Amino acid sequence: MGFFSKDIKTLDDLFVHTLRDIYYAEKQIEKALPKMIDKATNPNLKAGFEKHLKETEGHIARVEEVFELHGVKAKQVNCPAIDGILEEADELAGDIADKKVLDAGLIAAAQAVEHYEITRYGTLIAWAKELGRSDCAAVLAKNLKEEEATDKKLTQMAESSVNLQAAE
């Protein structure tokens with residue numbers, strides 16, 4: 001089903017489609033994070049990625065909870081956006097020999113992922129509220145809060161040390 005598919009007729013249809021999109025995205029992120037952990041050399045960055053992998057497992061469980069609350073089957077739809085972001089991150093990581101520069105690149109790639117997730121969760125929360133599903137919105141808000149916190153930590157790490165080391 002494409003984004004502007006004729007199968008999407010109502011806001012509820014769009015909500016479910018986008019929920020399936022973020023479900024796919026979270027599953028792909030769960031697969032990509034171990035590679036990022038392996039490539040990171042900065043101990044704080046490595047630890048941050050490890051923590052976010054555990055959070056991602058929780059995000060998947062919460063999205064599954066929203067499917068259940070909303071009474072629809074938990075399934076994924078392909079998300080070319082997250083595929084592209086993750087593919088770009090993987091290519092970038094393979095092109096950088098200097099490990100300090102690589103860490104800066106990994107942070108940038110991780111933030112691209114976080115920003116995608118933040119936009120999706122924000123939209124889903126707004127739509128859930130419009131649909132009278134404050135229960136779903138509350139569950140999704142937990143994921144959004146963690147994604148925003150991760151983005152903030154990545155910015156702090158980049159600005160306080162990783163980017164400075166990469167510039168040396």
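Below is a short write-up of the structure. (Residues numbered from 1 in each chain as written. Predicted model: local features only at pLDDT ≥ 70, side-chain atom pairs only at ≥ 80, totals over all residues. Heavy atoms only, no water.)

With that out of the way, let us pick up the side chain of aspartate 151. The topology assignment puts aspartate 151 in helix H5 (residues 134-167). Buried and unpaired, aspartate 151 has lysine 152 as its nearest opposite-charge partner, separated by 8.3 Å. Leaving out residues up to four positions away in the same chain, aspartate 151 has contacts with Gln111, Glu114, His115 and Ile118. (Helix = DSSP H or I, 4+ residues; strand = E, 2+ residues; numbered from the N terminus. Buried < 20%, exposed > 50% of the residue type's maximum accessible area, 1.4 Å probe, protein only. Lys, Arg positive; Asp, Glu negative; His and termini not counted. Salt bridge = Lys/Arg side-chain N within 4 Å of Asp/Glu carboxyl O. Contact = heavy atoms within 4.5 Å.)

By secondary structure assignment, the location of glutamate 57 is in helix H2 (residues 43-70). Relative accessible area serves as the criterion here: at 40%, glutamate 57 is assigned to the partly exposed category. Sequence separation between glutamate 57 and glutamate 30 is 27 residues, and the spatial gap between their C-alpha atoms is 7.1 Å.

Here the focus is the side chain of glutamate 117. Position of glutamate 117 among the secondary structure elements: in helix H4 (residues 99-130). One buried charged residue, glutamate 117, forms no salt bridge at all, with the nearest opposite charge on arginine 62 at 10 Å. Leave out the neighbours within four places in its chain, and glutamate 117 touches Ile22, Glu26, Ile29, His52 and Glu147.

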